[in-house]
Amino acid sequence: MKSYDVIVVGGSAAGLTAAQTVRRHYPNKRILVVRKEERVLIPCGIPYIFGSLENPRENLVPDIAYEKMNLGLHIDQVMDIDRENRVVKTEKEEFGYEKLILGTGSYPAMPPIPGHDKEGVYAVIKDVQYLTDMQEKLKPVKNVVVIGGGFIGIEISDEINKSGVENVSVIEIEKHCLYQSYDEEFCVEMEQQLQSRGVNIYTGSKVISIDGGEHVESVKLSTGKTIAADIVILGIGAVANADLAKKIGLRIGLTGGIVVDRAMRTSDPNIFACGDCAEKVSFFGGNSSALRLASIATLEARVAGANVFGIKRETPGTIGVWGTAVGDLALGTAGLTEKMAKAHGYNVVSAVNESVNRHPGKLAGAAKIKIKLVFEINSGVLLGGQIRGDASVGEITNAVSACVQNRMTAEQIAMFQSGTHPLITASPIAYGIVNAAEAAISKMIKVKEQL
Ligand SMILES: Cc1cc2nc3c(=O)[nH]c(=O)nc-3n(C[C@H](O)[C@H](O)[C@H](O)COP(=O)(O)OP(=O)(O)OC[C@H]3O[C@@H](n4cnc5c(N)ncnc54)[C@H](O)[C@@H]3O)c2cc1C
């Protein structure tokens, strides 16, 4: 039996990043990644195979890192783990390990809607063959219904709409699409954007049944409406794949993930877990967090990989940083929205700045950027920010995340030293993050004067 210093189970965002991190921290260790699939999909790129890309094969994680970083790769399913003797058992072989990292990911959540098992109903499964079949089935159809108006739902709807399908409808149970990710004003803008591109939106509507014969024909909503459907796509979130961990008796947490400490150690000191399969705690208060994102998976993998032979890093908890884009409209969030901050029990003040990301604004490529920052009133600490604009929103959101992670106050952000250039940033006079912080400071002064 071959033995390795570190075996990583899973070869997607968490698994590959964990293996690379082990290599960076321990150059001489023998590392093996075991993953089920021949080729790994870029999970966040999946929506784009339905419109912008030709097929799932254009959306693959390159395997070049295995050769470049001297990582062993074994394509096979891990069926069991003998913790006492430290042996990983795959379908075909057995391997000894000193330390093990689980990055077994997640499955799409399957709602218990009657009819969800009919032909023509798809979940978004991260599998090349499944998605190739799904793409083929979508080609000749007229009516597609997407259940769930979160990121996955809206991105997939827009892409299918772009591919020429006549009627694409999104069904969302909440008051608005993206309601759990942005404050209302941002959700409304995204809904208008989707509608202007031809996507039908039904909010405040629950799907009560998926109807038809063997194959789906329609969906029935709680509002009484029936919508014709040749294909139904479920986009309602992800649940941890903790199957192996449960089988070998590791502790499982409230959201169904593998319990880990801040160093990403499971209840077995020789086994670490990271990514969608691991339980998470929030950066804000430390309660369980059900967020499952590639950005979180890779952070956790950098913690787990560095720590396998001695603790070097700890995760501060999940801030929650995400973005989405439909056409020329992009939205980003880092940390808490105003609605979430209030629900957490914070006393908040929020401030909005709208400016242009070029100066002068007449320059080619200029786009209007709106930044909303949310601060805790007493400490002035930034809890979160939301940004609306063009593609530059992605990196502005990441800059806001750095401020949140470092628990910067409005005063510190107002003193932020930024570089500017007409072709690539906003004017230094109208710099969005700084001016939103200044606007929040004015509000906080007024609030304190009234006390
Ligand atoms: C459509 C879609 C769009 C998304 N967009 C974004 C986005 O824009 N931004 C963002 O941050 N997140 C996004 N996400 C979430 C992101 O994809 C996940 O958070 C990320 O994939 C988690 O990575 P992971 O490695 O933990 O798990 P996974 O990607 O689920 O990978 C798990 C790996 O483990 C392997 N595995 C599992 N069990 C075994 C076993 N027994 N033996 C061997 N191998 C095994 C699997 O084969 C796979 O390689 C999106 C998700 C979807 C579905």
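In what follows, the structure referred to is the one given above.
All values derive from a computational prediction rather than experimental measurement.

Reading the values: the criteria
Residues numbered from 1 in each chain as written. Predicted model: local features only at pLDDT ≥ 70, side-chain atom pairs only at ≥ 80, totals over all residues. Heavy atoms only, no water. Near = heavy atom within 4 Å. Polar contact = N/O pair within 3.5 Å; in protein donor to acceptor, adjacent residues only side chain to side chain. Areas by Shrake-Rupley, 256 points an atom, 1.4 Å probe, with all protein chains shown as cover. Helix = DSSP H or I, 4+ residues; strand = E, 2+ residues; numbered from the N terminus. Pairing = 2+ DSSP bridges. Axes fitted to C-alpha atoms, helices over the stretch in contact; angles between N-to-C directions. 1 Å grid on protein atoms, 1.4 Å probe; cavity = no way out; pocket = protein on both sides within 12 Å on 5 of 7 lines; lining within 4 Å. Points joined across faces, edges and corners; volume = space filled by probe spheres on them. Domains from an automatic or database assignment. Expected span 1.5 Å × (residues − 1). Contact = heavy atoms within 4.5 Å.

## Here's the deal with the site of the ligand
In the vicinity of the ligand there are 33 residues, among which Ser12, Glu37, Val78, Lys126 and Leu293 approach most closely. Interatomic distance of 2.6 Å between a side-chain N/O atom of Lys126 and an oxygen atom of the ligand. Expressed as a share of its isolated accessible area of 1000 Å², the protein-covered part of the ligand is 89%. Contributions of two or more residues to the shell around the ligand are made by α1 (13-25), β2 (31-35) and α7 (294-307).

## Remarks on the sheet that holds strand β22 (residues 348-356)
Hydrogen bonding along the main chain pairs the strands of a sheet, whether they run parallel or antiparallel. In space, the five strands of this open sheet follow the order β20-β21-β24-β23-β22, with antiparallel pairing throughout. Each edge of the sheet is formed by a strand with only one pairing partner; in this case those strands are β20 (321-326) and β22. Taken over all neighbouring pairs, the strand axes of this sheet differ in orientation by 10 degrees on average, direction set aside. Judged from the nine bridges that link them, β22 and strand β23 (residues 368-376) form a sheet pairing that is antiparallel.

## Observations concerning the layout of surface pockets
In this structure, the second largest pocket occupies an estimated 250 Å³ of space. In terms of lining, the second largest pocket is formed by 13 residues, of which the most central are Ser295, Leu299, Val321, Ser401 and Gln405. Of all the secondary-structure elements, those providing two or more residues to the lining of the second largest pocket are α7 and α9 (393-405). The biggest single contributor to the lining of the second largest pocket is α7, with four residues. Residues from two domains meet in the lining of the second largest pocket; each of domain 1 (2-107 + 239-307) and domain 3 (328-449) gives at least three.

## Describing α9
Along its 13 residues, α9 runs 18 Å from first to last C-alpha, staying within 8% of the 18 Å computed at 1.5 Å per residue. Contact partners of the buried residues in α9: β20, β21 (329-335), β23, β24 (382-389), α10 (410-414) and α11 (432-449). Directly beyond the C-terminal end of α9, a positive phi value near 50 degrees is found at Arg407.

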